[in-house]
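Now for the letters of each chain:
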Amino acid sequence: MNSAAEVSSPPRDAQSFRRRLIGFIAVGEVGVLAAMALLVAFFWLLEPAFLSERNIRAILNVVSFVGIIAIGQTILLVAGEFDLSVGSVAGLSAVVAAKLMTAAALPVGVGILGGIGVGALIGLLNGLIVVRLGIPAFIQTLGMLFIGQGLIQVVTGGYPVYPLPEAINTIGGTDLAFGLGWSFAFFIIAAVVADFVLRRTVLGRNMYATGGNKEVAHLVGINTSAYKIGAFITVGALSAIAGMFVMADLGSGGTSIGSGWELTVIAGVVVGGVSLFGGAGTVAGGVVGILMLKVVQSGLVVIGVNSNWQQIAVGVIMVMAVGLDIVRRRYFIAGA
Amino acid sequence: MSSTQAPLFSATAITKNFGGVQALRGVDFDVVPGEIHALLGQNGAGKSTLVKILNGVHPAGSYTGTVQLDGRPVSFASPADARSNGVGYVPQEIEVLEQLSVAENVFAGRTGLGDGVLVHQRRLEQRAAEIFADLGIDMDPRAYVASLTSAQRHLVMIARAIVLKPRVLMLDEPTASLSGTEVDALFSVLRRLKAQGVAMIYITHRLPEVLAICDRATVLRDGQVAVRIAREDFDAETFIFSMSGQRLQRLFPEHAAPVGAPAALEVRHLTVAGHGGAVHGAKDIDLSVAAGEIVGLAGLLGSGRSEILHGIYGRVPAEGEIHVGGQAVSIKSPRDARAAGIALLTEDRKRDGLLFNLPVGANITIGNLAPLSRHGVVRGGLERGAIVTAMRALNVKASSPQAAVTHLSGGNQQKLLFARVLMRAPKVLLLDEPTKGVDAATRHEIYRLVVELADKGVALLIVASELEELIGLCDRCLVVADGRIVDEFGRGEGGEGRVLRSVTKAQAERQAQVTA
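In this text, all values refer to a predicted model and were calculated from it rather than measured experimentally.

A.B. asks: Talk me through the overall build of chain B; I want residue IDs and the actual numbers.
C.D. replies: Each helix and strand counted, chain B has 17 helices and 22 strands in total. Relative to the globule expectation of 24 Å for 516 residues, the C-alpha radius of gyration of chain B, 25 Å, shows essentially globular dimensions. Principal-axis analysis of the C-alpha atoms gives chain B an extent of 70 × 50 × 45 Å. Going through the 516 residues of chain B one by one, you find that 54% of them count as buried. Partitioning the intrachain contacts of chain B with sequence separation of at least 6 by distance along the chain shows that 68% fall at a separation of at least 24. Distance between charge centres in chain B, computed from 55 positive and 55 negative side chains, equals 6 Å.

A.B. asks: How would you explain the overall build of chain A if you had to name every residue and give the values?
C.D. replies: Broken down by element type, chain A carries 15 helices and 0 strands. A total of 336 residues make up chain A; the buried ones form 49% of that total. Pairs at least 24 residues apart make up 77% of the contacts formed inside chain A by residues separated by at least 6 positions. Total accessible area computed for chain A in this model is approximately 15300 Å², and 70% of it derives from carbon and sulfur atoms.

A.B. asks: Kindly report on the sheet that holds strand β15 (residues 327–329) of chain B, identifying the contributing residues and their values.
C.D. replies: All names here are of chain B. Strand order in the open sheet formed by 4 strands is β12-β11-β14-β15, with antiparallel pairing between adjacent strands. Both edges of this open sheet fall to β12 (282–290) and β15, since each of them pairs with a single strand only. Each adjacent strand pair in this sheet contributes to an overall mean axis angle of 15°, direction not counted. In this structure, strand β11 (residues 263–272) lies alongside β12, joined through 6 bridges in antiparallel fashion. Across the sheet, Leu270 pairs through a bridge with Ile285, a residue of β12. Lying on the sheet, helix α9 (residues 305–313) is in contact with β11, β12 and β14 (318–324); it crosses β11 at an angle near 110°.

A.B. asks: Please provide a residue-by-residue account of unusual backbone geometry, values included.
C.D. replies: Following Tyr162 of chain A, the chain continues into Pro163 of chain A via a peptide bond in cis, with omega recorded as -5°. Residue position: Pro163 of chain A is located in the loop between α7 (137–156) and α8 (166–173). The residue Asp222 of chain B is not glycine, and still its phi comes out positive at about 50°. Mapped onto the elements of the fold, Asp222 of chain B is located in the loop between β9 (216–221) and β10 (224–230). Judged by its relative accessible area of 23%, Asp222 of chain B falls in the partly exposed class. Despite not being glycine, His269 of chain B has its phi angle at roughly 55°, a positive value. With respect to the helices, strands and loops of the structure, His269 of chain B is situated in strand β11.

A.B. asks: Could you give an account of the domain arrangement of chain B, naming the residues involved and the relevant values?
C.D. replies: Where the parts come together, the accessible area they lose is often given as the size of the interface. In terms of domains, chain B is made up of domain 1 (9–96 + 148–244), domain 2 (263–341 + 426–515) and domain 3 (356–425). The gap between the C-alpha centroids of domain 1 of chain B and domain 3 of chain B is 44 Å.

A.B. asks: Describe in detail the pattern of salt bridges, supporting the description with residues and values.
C.D. replies: Oppositely charged side chains may form a pair once their charged atoms are brought near each other. This model, assessed by the stated rule, comprises 23 salt bridges over all chains. We note a salt bridge from Asp352 of chain B to Arg351 of chain B, for which the minimum N-O separation is 3.7 Å. Given a relative accessible area of 4%, Asp352 of chain B falls into the buried group. The class of Arg351 of chain B is exposed, set by a relative accessible area of 57%. Where salt bridges share partners, they join Glu215 of chain A together with Arg315, Asp348, Arg351 and Asp352 of chain B into one cluster.

A.B. asks: I'd like a rundown of the packing of aromatic side chains, residues and numbers included.
C.D. replies: Per the counting criterion, the structure on display carries 8 aromatic pairs over all chains. Note on Phe42 of chain A and Phe43 of chain A: the rings are 5.4 Å apart at their centroids and 65° apart in plane angle, and the pair reads as edge-to-face. With a relative accessible area of 44%, Phe42 of chain A lands in the partly exposed category. Note on Phe234 of chain B and Phe239 of chain B: the rings are 5.3 Å apart at their centroids and 65° apart in plane angle, and the pair reads as edge-to-face. Of the two residues, Phe234 of chain B and Phe239 of chain B, both sit in the buried class. Through a chain of ring-to-ring contacts, the aromatic side chains of Phe42, Phe43 and Phe50 of chain A assemble into a single cluster. We note Arg57 of chain A situated over the ring of Phe178 of chain A; from NZ or CZ to the ring centre the distance is 5.2 Å.

A.B. asks: Which residues make up the confidence of the model for chain A, and what values go with them?
C.D. replies: Low pLDDT marks regions whose predicted coordinates should not be analysed in detail. With 89% of its residues at a pLDDT of 70 or more, chain A has an overall mean of 87. Within the model, the stretch residues 1–12 of chain A combines pLDDT values under 50 with 11 contacts to residues more than four positions away or in other chains.

What counts as what
Per-chain numbering applies: the sequence of each chain, read as written, is numbered from 1 onward. For naming, the first written chain is A and the first written ligand is 1, with later ones following in the order written. Only residues with pLDDT of at least 70 are given local features in this predicted model, and only at 80 or more are side-chain atom pairs given and counted; all residues enter the totals for whole chains, interfaces and linings. Only heavy atoms go into the side-chain values, all of them from the structure, while hydrogens and water stay out. Secondary structure counts use DSSP, requiring at least four H or I residues in a row for a helix and at least two E residues in a row for a strand, with both numbered from the N terminus. Our radius of gyration looks at C-alpha atoms and nothing else; its globule reference is 2.2 Å times the residue count to the power 0.38. In this scheme, a residue with accessible area under 20% of its type's maximum is buried, one over 50% is exposed, and one in between is partly exposed, where area comes from a 1.4 Å probe on protein chains only. Contacts were defined at the residue level, with two residues in contact if any of their heavy atoms lie within 4.5 Å. Only four residue types enter the charge count: Lys and Arg as positive, Asp and Glu as negative, with His and the chain ends excluded. Here the site of a charge means NZ on Lys, CZ on Arg, CG on Asp, or CD on Glu. Each accessible area value is a Shrake-Rupley result obtained with a 1.4 Å probe; residue values ignore everything except the protein chains displayed when judging cover. Should DSSP find at least two bridges between two strands, the strands are taken to pair. Note on method: axes are straight lines fitted to C-alpha atoms, helices fitted across the in-contact stretch only, with angles between N-to-C directions ranging 0 to 180 degrees. For the purposes of this description, domain bounds are those given by an automatic or database domain assignment. What counts as a salt bridge is simple: a side-chain nitrogen of Lys or Arg found within 4 Å of a carboxyl oxygen of Asp or Glu. To pair, rings of Phe, Tyr and Trp, with the six-membered ring standing in for Trp, must have centres within 6.5 Å; the planes then decide the type, stacked if under 30 degrees apart, edge-to-face if over 60, and tilted in the middle. For a Lys NZ or an Arg CZ to count as sitting over a ring, it must be within 6 Å of the ring centre and within 35 degrees of the ring normal. The predictor reports its confidence for every residue as pLDDT, a score running from 0 up to 100.

See below:
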């Protein structure tokens, strides 16, 4: 395999290096990373406690939950759709899993599978309705957001599911390294796998084609419906997993798990250069975008800014990031 | 009409360039009150450019020559400007607001009736009813446009143009979406307008209609007036001759149809449903293309020629049998067609050809990644090699495989798409307007490529609007009209004239059938 690659790839001269450099910058993660480095430095200068071990751990912990969903949302956005129901799905899956483990007294493994199943099923439903019936994703998934919220109340009767089996508390409480647990490990592994799939595999390439122009993708023989529905299922399942990690972290099947996440996730991945119009962006970018959003929120808290202003900052940053992205695209595409 | 009458609206010595290409070269054109003046010519002859100058789409200053209304020079800055000066235009495409009523559509853009911000619903309806009565159209102004047939919608658009009482009315292919009886209804409206002294310019491809209703005809060819004919000299043969006369000679690479080669593609009873309106679909098409043969589908826009290609490729639902290399295949989707060894190059690069979110290289390999990957993982080196080979073979000029496709010239974009469809070495290649929007040099490269592929045994089925190109390139031409194959001739057995004659004959027969 190596020899084949060497024979067919041209020598890496200066020009190809430059091309790689441009490609590197044009990918989009670099800009966000640079912006984040600046922000980190800014907050650290104002308040050195920002880079305290505890604060870093807190940021990474929060990022691991929403980040898991951001991975799925990025894949779905690349395929040309998006999902507003991710928060509801996270919450619903968590309480369903909790109920299965407690009220139904099923083994923990079955409960977890049940939770993932709920998420995947809702994803399948969203996908089928959007793709087959042609209802816009905005409407379908917004509807599903409300349906999910309602179902959470139906399942729980409005009370958190508590106590949970000891195994769940163990999952939530495990310290793998640096005070980070299973959710962070899962987040990193899932991000690496998803990034590889989008970048390097036929599946990933077909996903970009589907999101770039559905008709062209169809004409070159790609089953665009299957790709879109698959992406909806992926985001549903990942939302469920994120919801259950939060449940494990809290030690209870709370009814507010996931509430408000949908917009944070979309804002984050968009900040990371994932296009709302489909066919552009990477998982690495989306994940870095989420991280940056959380860095800003945390930074503002640490330097003592009123919490109301944090919301405003998030809004401003998202609009600015997309604006910068448009400028960058124009510049690099024009310069290529 | 007496030609002694002073022209109401005239264009003199109009010349218009599009980036070095002369679309119009010194065209004179005029129309007198109460006249229906046909504007004829093949695709690319300059008809639409002239119309766009006359109604202000190409504003004054972007062309040379003068346009006069009532003997006074006018320079329209926009279609709205032309309209307010009494020059109305009814476009070919139906542009109506479906959710609004007929009356609101007729007065679209001026529902205030000129006095304020409120919509006077009742007065709108009254005025619309008056206009309909005036034109002899039977239509309820309160009906919603969504419930109308395409013919009725066209009448609504004509009524909309009439609101401002234009003295000149341009109609662009007004019958393209109409059936025989609807055409009659339209004609009676035009006759009324004519009696009111409106000067009309009637753009069409359909000679029977010219013979039926027009008073004078101007034929454009290669951006010049080929001939101007008065009604008493009307004759279908004359029109065809002047539309198809000699043009700049183009060189086509030599190719001889293979003798006794097996049929690579056989199509039996292919039927593709039309979408209503201007798209006719295709009915009961039989055709076969031998390995190494180049076959052309000649016909007008909307004749169903593209639908035949789309039906074979599984892009649109189609009924009928398809055999590839003697084997019956079931094609339900492009995926099936590709598996059977069929490839399609689509007509519109921007809409259904290029992926603007992917770079040049990935645009070539999309859909072709299976042999360049292992266990679903793309092998970078292998892919790069395949891309470089394909770009060299087709002479795709891009700074690198990572370059953005937006910045390639039309010709290079087209070669890129050729590279994509050829990567799987198809046995049957369907080409829809393969030279549309490409420069002269690329055009020749594409001709050579087509012949080269045929020499290698690929069966080619080509749709092209430029008849000269199709006839020059193809071993055999099938003439398509109204979704049917109406004529067939081999290389050297016919020219543009034969195609136009066959189409006209088929249209006349159809019209006779409908009225009978």
